[in-house]
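Breakdown of the fold
What follows is each chain in one-letter form.
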Amino acid sequence: GKPFLPPVWALGFHLCRWGYNNTGYMASVMEDMILQGVPVDVQWTDIDYMSEHEDFTVSPERFADLPSYVEYLHEHGKRYVAMMDPAIHARFNEGYAPLESGLEMDVFVRNYTGGVLIGNVWPVDTVFPDFLSLNASIWWYMQLANFSKSLPYSALIPLL
């Protein structure tokens, strides 16, 4: 078959790093790049934008204004990419919607006893979607659709 043709903006200049710490600092880095004449088409955030490294969340303390900043980027012809580890924080019985819906849909990798496999990523217990399962693909799509309502990303990059 033919190779995938990426969107034109994906071939532009990207600004990405770990450690922005908050939206204001990230915006100031972008502004400094533009003032110095460095072409930037796309702003990325590593997973430090999340609340407690939980997928499909935005830190209310450090990145509460990230959605409005992303809208600002879009209004100025720029794109925003969010990174995400497909490792769901295993906070059982604590109301974490992606975990609860994933358990209901039986989308997580199982261990040798048939229980949900618990791993460790960013130093918390996590569960992992079994992307060989049709339910996991449906569940993942639903999570992305819900998340895009609160954070209007141009692309989301899962770190597999």
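Up top is the structure.
Figured I'd write up the structure that's included with this text.

Rules of the game
- Residues numbered from 1 in each chain as written.
- Predicted model: local features only at pLDDT ≥ 70, side-chain atom pairs only at ≥ 80, totals over all residues.
- Heavy atoms only, no water.
- Helix = DSSP H or I, 4+ residues; strand = E, 2+ residues; numbered from the N terminus.
- Buried < 20%, exposed > 50% of the residue type's maximum accessible area, 1.4 Å probe, protein only.
- Contact = heavy atoms within 4.5 Å.
- Areas by Shrake-Rupley, 256 points an atom, 1.4 Å probe, with all protein chains shown as cover.
- Lys, Arg positive; Asp, Glu negative; His and termini not counted.
- Charge placed at Lys NZ, Arg CZ, Asp CG, Glu CD.
- Axes fitted to C-alpha atoms, helices over the stretch in contact; angles between N-to-C directions.
- Parallel < 35°, antiparallel > 145°, perpendicular 65-115°, else oblique.
- Left-handed = near helix turned anticlockwise from the far one by under 90°.
- Nonpolar A, V, L, I, M, F, W, Y, C, P; charged D, E, K, R; others polar.
- Salt bridge = Lys/Arg side-chain N within 4 Å of Asp/Glu carboxyl O.
- Pairing = 2+ DSSP bridges.

Looking only at helices and strands, the chain has four helices and seven strands in total. Taken from the N to the C terminus, the helices and strands of the chain come in the order β-α-β-α-β-β-α-β-β-α-β. With the C-alpha coordinates of the chain rotated into their principal frame, the extents come out at 60 × 45 × 25 Å. A total of 160 residues make up the chain; the buried ones form 42% of that total. Counted over contacts in the chain with a minimum sequence separation of 6, partners at least 24 positions apart contribute 65%. With the model as given, the accessible surface of the chain reaches about 9,100 Å², and the carbon-plus-sulfur share is 58%. Each charge sign in the chain was given a centre, from 8 positive and 19 negative side chains, and these centres are 8 Å apart.

With that out of the way, let us pick up the packing of helix H1 (residues 23-35) against helix H2 (residues 66-75). Running from amino to carboxyl end, H1 crosses H2 at an angle of 20°, the nearest separation of the two axes being 10 Å. In terms of orientation, H1 lies roughly parallel with respect to H2. Both H1 and H2 take part in a crossing whose hand is right-handed. Contacts between H1 and H2 involve Thr23, Met26, Ala27 and Met30 on the former and, on the latter, Leu66, Tyr69 and Leu73. Along the lines of polarity and charge, the residues of the contact of H1 with H2 split into six nonpolar, one polar and no charged.

The subject of this paragraph is helix H3 (residues 97-105). Every buried residue of H3 is listed here: Pro98, Leu99, Ser101, Gly102 and Met105. Each element contacted by the buried residues of H3 is listed here: strand S4 (88-89), strand S6 (124-127) and helix H4 (134-150). Two residues or fewer after H3 comes aspartate 106, characterised by a positive phi angle close to 55°.

If you walk through the whole model with that rule in mind, you get three salt bridges. Here arginine 91 ties to glutamate 54 by a salt bridge, and the two come within 2.6 Å at their closest N and O atoms. Of this pair, arginine 91 sits in the loop between S4 and H3 while glutamate 54 sits in the loop between strand S2 (42-45) and H2, placing them 37 residues apart in sequence. Salt bridges sharing partners connect three or more residues here, namely Glu54, Arg91 and Glu94.

Once that is clear, we can look at the sheet that holds strand S1 (residues 14-15). Strand order across the open sheet formed by four strands is S1-S2-S3-S7, with parallel pairing between neighbours. Two strands bound the open sheet, and with one partner strand each, they are S1 and strand S7 (155-158). Bridge count for strand S3 (residues 79-84) against S7 is four bridges, and the pairing is parallel. Among the inter-strand pairings, methionine 83 is bridged to a residue of S7, identified as isoleucine 157. Against the sheet, H1 makes contact with S1 and S2, and its axis sits at roughly 150° relative to S2, the strand it touches most.

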